[in-house]
Amino acid sequence: MANSFTSKEIALAAIEALEDKKGEKRQIQLQGHAKHGKGLQKGEKEKKRREKIIEDYPDFAVKYALLNEAGLTHRQVVERLGAEFKKNKKSSPLYEEIYRVCLDIKGGLSLTEALDLMASRVSVREITFFVGRINRNIKKGGRDFANEIREAAEESSSEKREKIRRKAETAG
């Protein structure tokens with residue numbers, strides 16, 4: 001009988017595997033788990049998860065831009081936001097995905113590869129756009145990164161408000 005594990009269980013097992021008996025961190029490759037994570041959640045649960053990611057995206061993007069503007073590198077921003085999830089300050093599938101990016105980096109992937117994996121797992125247009133902007137900024141640089149991200153977050157917020165308004169009109 002095959003065991004069926006959720007992506008959260010895989011992540012927790014990976015965290016435990018990162019420390020040996022002496023508390024020393026070991027590097028492990030989580031790429032295989034990351035690719036199969038999407039297949040573990042199905043149907044309505046996956047739809048709600050995606051909706052929550054879309055809902056959390058605007059605030060997350062603004063926070064990311066602020067941290068980056070404050071002088072943190074992209075990797076430092078990802079590690080800081082992933083730590084918020086680990087410390088249970090944020091209970092969100094988006095922050096969980098960022099934490100998984102941190103695990104993938106510790107497993108030996110580059111930041112851009114780990115972010116690309118996240119975008120493919122999540123399959124949300126806004127996140128794919130966000131990851132593309134980060135990766136482009138990492139490779140080519142640019143001063144307008146924070147402004148671009150803020151504008152995208154505002155656009156996403158206004159789209160969300162419009163969707164809610166339309167839904168209310170059809171329901172009413």
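Please read all numbers here as calculations on a predicted model, not as lab measurements. (Residues numbered from 1 in each chain as written. Predicted model: local features only at pLDDT ≥ 70, side-chain atom pairs only at ≥ 80, totals over all residues. Heavy atoms only, no water.)

Focus on the overall build of the chain
On a plain count of helices and strands, the chain comes out with eight helices and zero strands. Listing each helix as α and each strand as β along the chain from the N terminus yields α-α-α-α-α-α-α-α. Within the chain, counting contacts between residues at least 6 apart in sequence, those at least 24 apart form 58% of the total. (Helix = DSSP H or I, 4+ residues; strand = E, 2+ residues; numbered from the N terminus. Contact = heavy atoms within 4.5 Å.)

Points about the environment of T73
Mapped onto the secondary structure, T73 falls in the loop between α3 (43-69) and α4 (74-86). Along the sequence, T73 and I138 sit 65 residues apart, while their C-alpha atoms lie 9.2 Å from each other.

Quick word on the confidence of the model for the chain
Per-residue pLDDT for the chain averages 78, and the proportion of residues at 70 or more is 74%. This model gives residues 19-35 a pLDDT under 50, and the stretch forms 31 contacts once residues within four places in sequence are excluded. (pLDDT = per-residue confidence, 0-100.)

Section: unusual backbone geometry
In the Ramachandran plot, S123 falls in the positive-phi region, its phi being about 55° despite a non-glycine side chain. On the secondary structure map, S123 appears in the loop between α6 (111-122) and α7 (125-140). Here S123 falls in the partly exposed class, since its relative accessible area comes to 32%. (Buried < 20%, exposed > 50% of the residue type's maximum accessible area, 1.4 Å probe, protein only.)

Thoughts on the environment of I149
Here I149 is to be found in helix α8 (residues 145-171). Sequence separation between I149 and I134 is 15 residues, and the spatial gap between their C-alpha atoms is 9.1 Å. Setting aside residues no more than four positions away along its own chain, I149 makes contact with A61, A65, F130 and R133.

Points about the nonpolar core
Among the nonpolar cores identified, the biggest contains 37 residues, and F60, Y64, L81, V101, M118, I127 and F130 are the most heavily contacted of them. The element best represented in this core is helix α5 (residues 93-106), accounting for eight residues. What I127 contacts, discounting residues up to four positions off in sequence, is I53, Y57, L94, M118, A119 and V122. (Core = buried A, V, L, I, M, F, W, Y, C linked by side-chain atoms within 4.5 Å.)

Concerning the packing of aromatic side chains
Applying the stated criterion across every chain, the model contains six aromatic pairs. Centroid distance F60 to Y95: 5.4 Å. Interplanar angle 90°. Geometry classified as edge-to-face. Of this pair, F60 sits in helix α3 while Y95 sits in helix α5; the two residues are 35 residues apart in sequence, bridging distant segments of the chain. Neither F60 nor Y95 differs from the other in exposure class; each is buried. Ring centres of F60 and F130 lie 5.6 Å apart, and the angle between their planes is 65°; this geometry places the pair in the edge-to-face category. Residue F60 is found in helix α3, and its partner F130 is found in helix α7; the two are separated by 70 residues along the sequence. Residue F60 shares its accessibility class with F130, and that shared class is buried. In this structure an aromatic cluster arises from ring pairing among Y57, F60, Y64, Y95 and F130. (Phe/Tyr/Trp six-rings, centres within 6.5 Å; stacked < 30°, edge-to-face > 60°.)

Description of α7
Between the first and last C-alpha of α7 there are 22 Å, a value that for 16 residues agrees with the 22 Å anticipated at 1.5 Å per step. Taken residue by residue, α7 has E126, I127, F130, V131, I134, N135 and N137 as its buried positions. With its buried residues spanning 165° around the axis, α7 presents them on a single face. Looking at α7, the residues exposed on the side facing more than 90 degrees away from the buried face are R125, K139 and K140. At its buried positions, α7 is contacted by α3, α4, α5, α6 and α8. In the segment just after α7, G141 is the residue with positive phi, at about 75°. (Expected span 1.5 Å × (residues − 1). Arc of directions from axis to C-beta.)

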